[in-house]
Structures are given as C-alpha cells and as structure tokens.
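Structural overview for review
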Amino acid sequence: MMRQSLVIANWKLNGNLKLVDDMVSALASARCSADVVICPPAPYLAALETATQRLNIEVGGQNCSVYSSGAYTGEIAAEMLAEVGCKYVLLGHSERRALFAEDDMLIAKKVQLAQQAGLTAVLCVGETLQQREAGKTLDVVKAQLSEVLNDVDFNRLVVAYEPVWAIGTGETATPEQAQEVHAAIRQYVATFNTDAASKLALLYGGSVKPENAEILFAQDDIDGGLIGGASLNTDQFLAICSAVKG
Ligand code: PGA
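Here's what I pulled together on the structure shown here. (Residues numbered from 1 in each chain as written. Predicted model: local features only at pLDDT ≥ 70, side-chain atom pairs only at ≥ 80, totals over all residues. Heavy atoms only, no water.)

**Regarding the pairing of strand β5 (residues 120–125)**
For β5, a buried count of six out of six residues is recorded, marking the element as mostly surrounded by other parts of the structure. Covered by surrounding structure in β5 are T120, V122 and C124 together with A121, L123 and V125, the residues of both alternating faces. Pairing between strand β4 (residues 88–91) and β5: four bridges, direction parallel. Residue pairing across strands places Y88 opposite T120, the latter belonging to β5. Relative to strand β6 (residues 157–161), β5 is paired through five bridges, and the arrangement is parallel. Pairing of V125 across the sheet is with Y161, part of β6. (Buried < 20%, exposed > 50% of the residue type's maximum accessible area, 1.4 Å probe, protein only. Helix = DSSP H or I, 4+ residues; strand = E, 2+ residues; numbered from the N terminus. Pairing = 2+ DSSP bridges.)

This is how it looks when you write it as structure tokens:
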C-alpha cells in the first residue's frame, strides 16, 4: 500500500520573516521524496505561501477557531486559512490541550470545520508520561481519536502520534515504542473504515532529529513526522525531510 509520506514543520511561537526566506531557499534546492508542509505562526502564512508558490511545499495553520465568524477577538477561522492558501491545519496539539484547555469535543468540532473549509486536518494525539507509566497509552490515544473518527472525512485527515513526554524534551520514543502505537492507531481506525486506515498518513512527532529520523521513518506504520524544534534549523529540517522513505 502506497501511502503519502509527509513531513510537517511546526514552528510554534517561533520564527520570523528571515526564517521564512531561509527555509524556502534551503528547500528550493533540496531533494525530498516526501510532501513538505510548513506551519508558521499565522502572521507569516501569506509570505510563506507567496514564497513557496513555485515549489512543492504546502503551508498550514497551527490551529483554527471552533467558530466560523463573528465577535471572537483573536480567533482565526478555518476558511480564512484556506483563503490565504493553507492546505493543512494542526489540531489537538498537546500544547493546545494542556495550555489552552482544548478537549476532544472541541477538537472534533474544529476538525469538522477545517475539513468543510477544504483543509486537511492533522489530528495530534499522545499520552503523558504518567499515562504511559500507568499502562494507559493505547486507551488514551483511542479516546482522543474516537470523538473525531465518528464523523470525519478520511480523505482530509492525517494523524500525528506525539507522546507528550517526547515533545521538546530531547527524549524520543524508540522506533519500537512508536511503531507499536502507530500500528494500534491504524487498527483502531480500521474499526471505523478499513480502506481509510490502510491509506491514512500517520506521523510521529516528539524530538525528531536528523540522528533518529531515518530509523523512525523506516517503521512500517510511520509515514513521516511532525517536527517542532528541529524545523527551525534549515540544515536539520532538510536532513529530516530527506530521511523519509520514498
Ligand atoms: P519537538 O515538537 O520536535 O520540538 O519535540 C514536536 C511537536 O510539538 O509537534
């Protein structure tokens, strides 16, 4: 089964116009068999979209509102992301869940709005260290998926498994740990839609670096990565992109 290979850069609250320029120049001369998506802070979306127009690089939002329009100061609607050229949006990132109190129902609603706007939703799931140590990893991940999978357009869905304890910590899940959860996610998605499960792009995220990317991406059910810290460095990000099996 040929699945989409995908590497997504999540800049979080980092970067500037210089990084937009540097990253685009670096990627312009790179060879990469994976699809590449960059999710910068929203003010840089338009500049990035313009700069990548002739390249095979897509642009994505890091979040969108649960509302479509109205008196919601500070919010950004999925349709607005789509209008400025985004093809993807990250949803349910653990930082949104933990720091901005986003729950599974809210995230499911955002996934629907994003998909209705024509975006591919990158749904992030993952357990905390405490949950892993209590042996609850698969239960937690399935619970995070179930609300969304009940009513979803599988053609516009990517799932990123990001163990919370591996995000920004320098500690990465072992390839075996990651593969185990990825395989379980695919099996769980198959209980909703078998065909969609076999085609679903499943990304690993959490301290992916040039040194560990290749072995992670070589796992059967890992189709690419969601990259935080290392996506702010052009050399590191390019090395990770070229580590994708192709
Ligand atoms: P990290 O972040 O690569 O810095 O661990 C990944 C993420 O939060 O998506």
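What follows continues from the structure just given.
**As for the nonpolar core**
In this structure, L145, L157, I185, Y204, F217 and F237 are the most contacted members of the largest nonpolar core, which totals 64 residues. Beyond its immediate chain neighbours, meaning those up to four positions away, L145 contacts L123, V125, V159, I185 and Y188. (Core = buried A, V, L, I, M, F, W, Y, C linked by side-chain atoms within 4.5 Å. Contact = heavy atoms within 4.5 Å.)

**Some points on the site of the ligand**
In the region of the ligand, 13 residues are neighbours, and K12, H93, E162, G168 and S207 sit closest. Backbone polar atom of S207 to an oxygen atom of the ligand: 2.7 Å apart, as the coordinates give it. Looking at side-chain class alone, the shell around the ligand contains four nonpolar, seven polar and two charged residues. (Near = heavy atom within 4 Å. Polar contact = N/O pair within 3.5 Å; in protein donor to acceptor, adjacent residues only side chain to side chain. Nonpolar A, V, L, I, M, F, W, Y, C, P; charged D, E, K, R; others polar.)

**Observations regarding the pairing of β6**
Across the five residues of β6, five count as buried, placing the element largely inside the fold. Covered by surrounding structure in β6 are L157, V159 and Y161 together with V158 and A160, the residues of both alternating faces.

**Comments concerning the pattern of salt bridges**
Scanning the model with the defined rule gives 11 salt bridges in all. A salt bridge links D22 to K18; the shortest N-O distance between them is 2.6 Å. Taken together, the residues span about one helical turn, with D22 and K18 both in helix α1 (residues 17–28) at a distance of four residues. In this structure, E102 and K110 form a salt bridge, with 2.8 Å as the shortest nitrogen-oxygen distance. There is no split in this pair, since E102 and K110 are both buried. (Salt bridge = Lys/Arg side-chain N within 4 Å of Asp/Glu carboxyl O.)

**Notes on the sheet that holds strand β8 (residues 224–227)**
With parallel pairing, eight strands are arranged side by side around a closed barrel as β1-β2-β3-β4-β5-β6-β7-β8. In this sheet, adjacent strand axes meet at a mean angle of 25 degrees when their direction is disregarded. With respect to the sheet, helix α11 (residues 234–241) is in contact with β1 (6–10), β2 (35–39) and β8, its orientation differing from that of β1 by roughly 160 degrees. (Axes fitted to C-alpha atoms, helices over the stretch in contact; angles between N-to-C directions.)

**Observations regarding the packing of aromatic side chains**
Taken as a whole and assessed by the stated rule, the structure comprises three aromatic pairs. Arranged with centres 3.7 Å apart and planes meeting at 0 degrees, the rings of Y67 and Y72 form a pair that is stacked. Judged by centre distance (5.3 Å) and plane angle (80 degrees), the rings of Y188 and F192 are edge-to-face. For Y188, a relative accessible area of 17% translates into the label buried. Judged by relative accessible area, F192 falls into the partly exposed class, the value being 30%. Across from the ring centre of F100, 4.0 Å away, lies the NZ or CZ of R96, which sits over that ring. (Phe/Tyr/Trp six-rings, centres within 6.5 Å; stacked < 30°, edge-to-face > 60°. Lys NZ or Arg CZ within 6 Å of the ring centre and 35° of its normal.)

**Examining the packing of α1 against α11**
Two quantities define a packed helix pair, namely the angle between the helix axes and the distance between the axes. Packing of α1 against α11 leaves a shortest axis separation of 10 Å and a crossing angle of 40 degrees. When the axis of α1 is compared with that of α11, the two are oblique. As α1 packs across α11, the resulting crossing turns out to be right-handed. Of the residues in α11, those touching α1 at D22, M23, A26 and L27 are T234, F237 and L238. Here the contact of α1 with α11 is built from residues that sort into five nonpolar, one polar and one charged. (Parallel < 35°, antiparallel > 145°, perpendicular 65-115°, else oblique. Left-handed = near helix turned anticlockwise from the far one by under 90°.)

**Examining the environment of T50**
Note on placement: T50 falls in helix α2 (residues 45–51). Accessibility expressed as a relative area gives 55% for T50, which makes it exposed. The spacing of T50 and V111 is 61 residues in sequence and 26 Å in space, taken between C-alpha atoms. Of note is the side chain of T50, whose polar atom sits 2.9 Å from the backbone oxygen of A46.

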